[in-house]
Amino acid sequence: MDRKLRRKLATLATYFILVLLFCVRATGVHFHMIAGLVFIAVLAIHTITRRRRILKCPIRFRVADIVCIMATIVVLISGFMLPFTKGSMEVLLIHKLFSVILAVGIVVHIYQHVPKKLKR
């Protein structure tokens, strides 16, 4: 499979999983928890394997990566805290807010990888 097709499939899969993660009522809490953990694991693996490239990038590109990393950590911690706080409104609000920040950061990160001639 060529590189462009793999990139398009990975982008499509990322968007699809993000949409499913935001549809908790439709997919169920158990699917949300498992898919969320798998998604965060894939993000962590991607970040770890690309850390040298991330450090060599200009600062304007690293901002999206740093925002994604910070939002991922907050989403993960708040997601683990939800059952223990019995769905506390504050923790739920933090989880949802940083989930949106993470989704926007991922979209910006993917947009940075679009070749310059297509960005217009």
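Everything below is about the structure shown above.
All figures in this text were calculated on a predicted structure; none of them were measured in a lab.

Caption draft 1: Seen up close, the overall build of the chain. Along the backbone of the chain there are 7 helices and 0 strands. Overall, the chain shows an N-to-C arrangement of helices and strands of α-α-α-α-α-α-α. When the backbone C-alpha atoms are referred to their principal axes, the chain occupies close to 50 × 30 × 25 Å. Contacts in the chain between residues at least 24 apart in sequence constitute 56% of all its contacts with a sequence separation of at least 6. Carbon and sulfur atoms form 75% of the exposed surface of the chain, whose accessible area is close to 9200 Å².

Caption draft 2: Helix H6 (residues 89-112), seen in detail. Between the first and last C-alpha of H6 there are 34 Å, a value that for 24 residues agrees with the 34 Å anticipated at 1.5 Å per step. Listed as buried for H6 are Val-91, His-95, Ser-99, Leu-102, Ala-103, Gly-105, Ile-106, His-109, Ile-110 and Gln-112.

Caption draft 3: Expanded view of a positive patch on the surface. Together, Arg-3, Arg-6, Arg-7, Arg-50 and Arg-53 make up a region of like positive charge exposed at the surface. Residue contributions to the positive patch peak at 3 residues, all from helix H1 (residues 3-22). With respect to the helices and strands, the residue Arg-3 is situated in helix H1. Take Arg-3: its relative accessible area is 52%, and that puts it in the exposed class.

Caption draft 4: Spatial organisation of the nonpolar core. Within the largest apolar cluster, 11 residues are counted, these being Leu-18, Leu-21, Ala-35, Phe-39, Leu-43, Cys-68, Ala-71, Leu-102, Ala-103, Ile-106 and Ile-110. At 4 residues, H6 tops the list of elements feeding residues into this core. Look past the residues within four positions of Leu-21 in its chain and what remains in contact with it is His-32, Ala-35, Gly-36 and Phe-39.

Caption draft 5: Focus on helix H5 (residues 59-84). Here H5 contains 26 residues, and its C-alpha end-to-end distance of 38 Å stays within 8% of the 38 Å for a straight helix at 1.5 Å per residue. For H5, the complete set of buried residues consists of Ala-64, Asp-65, Cys-68, Ala-71, Thr-72, Val-75, Ser-78 and Leu-82. Where H5 ends, the next residue or the one after it, Lys-86, has phi of about 55°, a positive value.

Conventions adopted
- Residues numbered from 1 in each chain as written.
- Predicted model: local features only at pLDDT ≥ 70, side-chain atom pairs only at ≥ 80, totals over all residues.
- Heavy atoms only, no water.
- Helix = DSSP H or I, 4+ residues; strand = E, 2+ residues; numbered from the N terminus.
- Contact = heavy atoms within 4.5 Å.
- Areas by Shrake-Rupley, 256 points an atom, 1.4 Å probe, with all protein chains shown as cover.
- Expected span 1.5 Å × (residues − 1).
- Buried < 20%, exposed > 50% of the residue type's maximum accessible area, 1.4 Å probe, protein only.
- Patch = residues over 30% accessible without salt bridge, like charges linked within 9 Å, V, L, I, M, F, W, Y side chains within 5 Å.
- Salt bridge = Lys/Arg side-chain N within 4 Å of Asp/Glu carboxyl O.
- Lys, Arg positive; Asp, Glu negative; His and termini not counted.
- Charge placed at Lys NZ, Arg CZ, Asp CG, Glu CD.
- Core = buried A, V, L, I, M, F, W, Y, C linked by side-chain atoms within 4.5 Å.

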